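# Structure assessment
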Amino acid sequence: MSWRILVLCGMMIVVAGVAGPFGTFEAMDPLHRFGYWAAVVVSSILLGYTAYACASALVAPDNLPRLTLVGILFGACFNSVAVWLITIQTWLWGTKVVPTFWELAGYCVLVHIAVGVLRLFFKQIMHSYQQGAQGYQQGAQDSAPSPQPAPRIARRLPDDMQGDILHLSVRDHFVEIFTDAGSVSVRMRFRDALDELDGINGYRVHRSHWVSHAAVQGIEKDQARVYVCLPEGRRVPVSRNYHAALEDAGWL
């Protein structure tokens with residue numbers, strides 16, 4: 001039994017003891033009235049758990065309306081007997097007149113119907129809220145952009161050199177691949193290396209050099225020559241045949 005149920009139990013005892021419902025205000029003095037309602041509330045909560053456990057054994061838990069109805073029937077039966085047995089102990093409560101069993105059973109049925117309907121109402125609200133939250137999370141996951149697959153050239157890199165491709169440079173029969181983790185030389189043709197970039201945003205600035213757009217830190221001009229500035233102070237020459245790509249990108 002959780003602390004919330006214990007707090008609820010205490011509040012119900014206080015309210016019932018002060019208000020004295022069902023004729024107990026007139027029939028009992030305050031001390032006996034609080035004792036009586038303490039016994040009734042505690043037994044009702046315990047038997048309510050028992051009633052819904054019995055109902056859950058007979059009805060599928062996802063069928064909330066039927067589960068509530070069966071729980072009300074079990075609870076009303078159990079508590080009618082319990083409340084009657086408590087009430088007839090007149091020597092404990094200082095009473096002389098005892099309601100009949102059927103009067104008490106009627107009260108128990110009404111209380112269980114009210115509690116069952118409220119419980120069903122809040123369960124339905126929580127179920128709808130959880131479904132809405134799950135739908136929102138699923139929608140957010142579906143709408144999230146899927147990660148871009150790594151370019152084919154990344155397969156040629158050792159594990160410790162994996163990273164964003166920044167710069168390609170060819171010398172003899174080797175292409176040096178620069179990433180943000182370092183550089184490695186791979187034996188392959190330069191045009192094959194360019195093809196395996198798979199559309200990474202960048203520019204071929206020289207017959208021997210390709211640079212990523214993200215790696216360009218600026219442009220330097222030394223008399224008639226133009227250089228692309230890259231991380232770690234590297235400079236790559238730009239041949240006249242490839243000026244157009246940098247002009248279109250706004251670098252020149």
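Structure shown above.
Residues numbered from 1 in each chain as written. Predicted model: local features only at pLDDT ≥ 70, side-chain atom pairs only at ≥ 80, totals over all residues. Heavy atoms only, no water.

Moving on: the pairing of strand β1 (residues 165-171). Counting buried positions along β1 yields five of seven residues, so the element is predominantly enclosed. Judged from the six bridges that link them, β1 and strand β2 (residues 174-179) form a sheet pairing that is antiparallel. The residue bridging Val-170 from the neighbouring strand is Val-175, located in β2. Connecting β1 to the next strand, β2, in antiparallel fashion are two residues, including Asp-172 with a positive phi near 55°. Strand direction decides the pairing type here: β1 and strand β5 (residues 209-212), joined by three bridges, are antiparallel. Residue pairing for β5: His-167 is matched across the bridge by Val-211. (Buried < 20%, exposed > 50% of the residue type's maximum accessible area, 1.4 Å probe, protein only. Helix = DSSP H or I, 4+ residues; strand = E, 2+ residues; numbered from the N terminus. Pairing = 2+ DSSP bridges.)

Our next topic: the nonpolar core. Grouped together as the largest cluster of nonpolar side chains are 14 residues, with contacts concentrated most on Ile-153, Ile-165, Leu-168, Val-175 and Ile-177. Of all the elements in the fold, those that place two or more residues in this core are β1, β2, β3 (182-187) and α7 (190-195). When residues no more than four places from it in sequence are discounted, the contact partners of Ile-165 are Pro-151, Ile-153, Leu-157, Ile-177, Phe-178, Thr-179, Leu-197, Ile-200, Trp-210 and Ser-212. With 12 residues, the next largest nonpolar core counts Tyr-203, Val-211, Val-216 and Leu-246 among its residues. (Core = buried A, V, L, I, M, F, W, Y, C linked by side-chain atoms within 4.5 Å. Contact = heavy atoms within 4.5 Å.)

Another point: the pattern of salt bridges. Per the stated rule, a full pass over the model turns up six salt bridges. A salt bridge links Arg-152 to Asp-195, with the nearest nitrogen and oxygen atoms 3.2 Å apart. Linking Arg-152 in the loop between α6 (101-143) and β1 with Asp-195 in helix α7, this pair joins segments that are 43 residues apart in sequence. We classify Arg-152 as partly exposed; its relative accessible area is 31%. We note a salt bridge from Arg-189 to Asp-192, for which the minimum N-O separation is 2.9 Å. On the basis of relative accessible area, Asp-192 is assigned to the partly exposed category, the value being 27%. A network of salt bridges, in which partner residues are shared, links Arg-152, Asp-195 and Asp-198. (Salt bridge = Lys/Arg side-chain N within 4 Å of Asp/Glu carboxyl O.)

The next subject is the packing of aromatic side chains. As enumerated under the stated definition, the model contains eight aromatic pairs in all. Judged by centre distance (6.3 Å) and plane angle (40°), the rings of Phe-22 and Trp-37 are tilted. Of this pair, Phe-22 sits in the loop between α1 (3-19) and α2 (24-27) while Trp-37 sits in helix α3 (residues 30-58); the two residues are 15 residues apart in sequence, bridging distant segments of the chain. Its relative accessible area of 9% is what places Trp-37 among the buried residues. Ring geometry for Phe-74 versus Phe-78: centroids 5.8 Å apart, planes at 40°, classification tilted. Here the residue Phe-74 and the residue Phe-78 both occupy positions in helix α4 (residues 64-87), the gap between them amounting to four residues, near one helical turn. We classify Phe-74 as partly exposed; its relative accessible area is 26%. A residue is classified by how much of its surface remains accessible, and Phe-78, at 28% relative accessible area, is partly exposed. The ring centre of Tyr-227 lies 4.0 Å from the NZ or CZ of Arg-235, which sits over that ring. (Phe/Tyr/Trp six-rings, centres within 6.5 Å; stacked < 30°, edge-to-face > 60°. Lys NZ or Arg CZ within 6 Å of the ring centre and 35° of its normal.)

Okay, the sheet that holds strand β6 (residues 218-222) next. Pairing is antiparallel in the open sheet, where three strands are placed in the order β6-β7-β8. This sheet does not close on itself; its edge strands, each paired only once, are β6 and β8 (235-238). Mean inter-strand twist for the sheet, computed between neighbouring axes without regard to direction, equals 35°. In this structure, strand β7 (residues 225-229) lies alongside β8, joined through four bridges in antiparallel fashion. The residue bridging Val-226 from the neighbouring strand is Val-238, located in β8. (Axes fitted to C-alpha atoms, helices over the stretch in contact; angles between N-to-C directions.)

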